[in-house]
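Per-entry structural report
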Amino acid sequence: MVFPEYRPRRLRKNENMRALIRETHLSPDQFVSPVFIMPGKNKREEIPSMPGVFRMSVDQLSKEAEECLSLGVKSMLLFGLPEQKDAMGSGAHAKDGIIQRGIRELKNKSPELTVITDVCLCEYTDHGHCGCLIGDTVDNDATLEILAKTALSHAQAGADIVAPSDMMDGRVAEIRASLDEENFDMIPIMSYSVKYASAFYGPFRDAANCAPQFGDRRSYQMDPANAKEALREATLDVDEGADILMVKPAVAYLDIISRLNDEFDLPIAAYHVSGEYAMIKAAAANGWIDGEKVLAETLLSIKRAGADIIITYGAKEMAKLLQK
Ligand code: PBG
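Residues numbered from 1 in each chain as written. Predicted model: local features only at pLDDT ≥ 70, side-chain atom pairs only at ≥ 80, totals over all residues. Heavy atoms only, no water.

**Observations concerning the overall build of the chain**
Regarding its fold elements, the chain presents 11 helices and 12 strands. The C-alpha radius of gyration computed for the chain amounts to 20 Å, which stays within 12% of the reference 20 Å derived for 324 residues, consistent with globular compactness. Summarising its shape, the C-alpha atoms of the chain cover approximately 70 × 45 × 40 Å along the three principal directions. Expressed as a percentage of the 324 residues in the chain, the buried residues total 54%. Intrachain contacts of the chain at a sequence separation of at least 6 include 72% that bridge at least 24 residues. Split by element, the accessible area of the chain, about 14800 Å² in all, is 51% carbon and sulfur. Charge-centre separation for the chain: the mean point of 37 positive side chains lies 9 Å from the mean point of 49 negative side chains. (Helix = DSSP H or I, 4+ residues; strand = E, 2+ residues; numbered from the N terminus. Rg over C-alpha atoms; globule rule 2.2 N^0.38 Å. Buried < 20%, exposed > 50% of the residue type's maximum accessible area, 1.4 Å probe, protein only. Contact = heavy atoms within 4.5 Å. Areas by Shrake-Rupley, 256 points an atom, 1.4 Å probe, with all protein chains shown as cover. Lys, Arg positive; Asp, Glu negative; His and termini not counted. Charge placed at Lys NZ, Arg CZ, Asp CG, Glu CD.)

**A look at a negative patch on the surface**
A cluster of acidic residues, Asp141, Glu145, Asp169 and Glu174, forms a negative patch on the protein surface. With respect to the helices and strands, the residue Asp141 is situated in helix H4 (residues 140-157). For Asp141, a relative accessible area of 58% translates into the label exposed. (Patch = residues over 30% accessible without salt bridge, like charges linked within 9 Å, V, L, I, M, F, W, Y side chains within 5 Å. Salt bridge = Lys/Arg side-chain N within 4 Å of Asp/Glu carboxyl O.)

**Considerations on the nonpolar core**
Across soluble globular proteins, you tend to see nonpolar side chains buried next to one another. Counting 103 residues, the largest nonpolar core has Phe36 and Leu260 as its most contacted members. Sorting elements by how many residues they give to this core places H4 first, with seven residues. When neighbours within four sequence positions are excluded, Leu260 is seen to be in contact with Val194, Ala230, Leu231, Ala234, Leu245, Val247 and Ile268. (Core = buried A, V, L, I, M, F, W, Y, C linked by side-chain atoms within 4.5 Å.)

**Details of the site of the ligand**
Around the ligand there are 18 residues in total, and Lys195, Arg205, Lys248, Ser274 and Tyr313 lie nearest to it. Residue Gln221 places a side-chain N or O atom 2.9 Å away from an oxygen atom belonging to the ligand. The contact in question runs from a nitrogen atom of the ligand to an N or O atom on the side chain of Lys248, over 3.3 Å. Computed on the free molecule, the ligand has an accessible area of 400 Å², of which 100% lies beneath the protein chains in the complex. Structurally, the ligand is housed in the largest cavity. Of the residues in the shell around the ligand, the class split is 10 nonpolar, three polar and five charged. (Near = heavy atom within 4 Å. Polar contact = N/O pair within 3.5 Å; in protein donor to acceptor, adjacent residues only side chain to side chain. 1 Å grid on protein atoms, 1.4 Å probe; cavity = no way out; pocket = protein on both sides within 12 Å on 5 of 7 lines; lining within 4 Å. Sits in = over half its atoms within 2 Å of the grid points. Nonpolar A, V, L, I, M, F, W, Y, C, P; charged D, E, K, R; others polar.)

**Focus on the pairing of strand S9 (residues 190-195)**
Within S9, six of the six residues are buried, which leaves it mostly tucked inside the rest of the structure. Note: S9 against strand S10 (residues 244-248), four bridges, orientation parallel. Pairing of Ser191 across the sheet is with Leu245, part of S10. (Pairing = 2+ DSSP bridges.)

**Concerning the pattern of salt bridges**
As enumerated under the stated definition, the model contains 20 salt bridges in all. Across the pair Arg18 and Glu15 runs a salt bridge whose closest N-O atoms are separated by 3.2 Å. In this pair, Arg18 and Glu15 are both assigned in helix H1 (residues 15-20), three residues apart and thus about one turn of the helix distant. Relative accessible area serves as the criterion here: at 39%, Glu15 is assigned to the partly exposed category.

**A closer look at the pairing of strand S2 (residues 44-47)**
Sheet topology note: the S2/strand S3 (residues 50-57) ladder contains four bridges and is antiparallel. Each residue of the ladder has a partner; that of Ile47, found in S3, is Met50. Counted along the chain from S2 to the antiparallel partner S3, the turn is two residues long.

This is the structure:
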């Protein structure tokens, strides 16, 4: 059937008709809202490059969780700004570390919240790399042990899902083994399987104070030019026991989300990262775009590409828009 017999505009006549045939829907059930936990009491600071996103002290977390839950956003992803850093990132697995305290606070006050933790060392190392060093390279195998300890300490504090973001080879298997050994065999691993060495992480590194002090992350994060390698990374994570595969960033890598969704039967998460969020906010603040509409369209594109779960700094805002 071709024009004039077939007219696609017939089904776009009015909003009810359009809603009837809409293929993709956003739901706050599948949003994850990131949060930055900082030392101190009664602290809540907006991150300048990420309007609407706050660093907050542990005592402020449950208020944040209640706000998320009231909007239907049921998961939060935790990042920590520790009091102290050292070469080995030992604050990442401290029993009384900033994240471990945050997890306990959240699980105490809002037990129904799904608490997801970022497992990485870059916020905890004084050099800002995602693992410990030999000379000026990151020591893959020595880092694995520290990551496994970190993930285990999160599970012990009550985390519901651990999400390794370091990009060391073999970390999913190492974390799975250490969780299982301590009877945390029901804690899923959401692996940052395909994490690119991206300039879109800029605002995050300011927010979490974790920019590398020398060099960059290109010896462990992926080259933005590569797509076949993404499938290889994801295959390794599946074989090592990942439960959810993540692609990061999201918007600049929609093709990768789509390919993973075609090739794998595990749930796919996409991380709409700090720079992708900041660009929308900056343009909207200038009056150059309609920020709400662009946020909605952006998250829809991520979903349409094949993501099930969307991690976004706009989770609460989008959830409010969906209620309208
Ligand atoms: C830690 C980590 C980073 C992000 C999430 N986990 C920073 C990085 O790898 O440099 C970035 C998130 C964002 O930009 O929103 N490794």
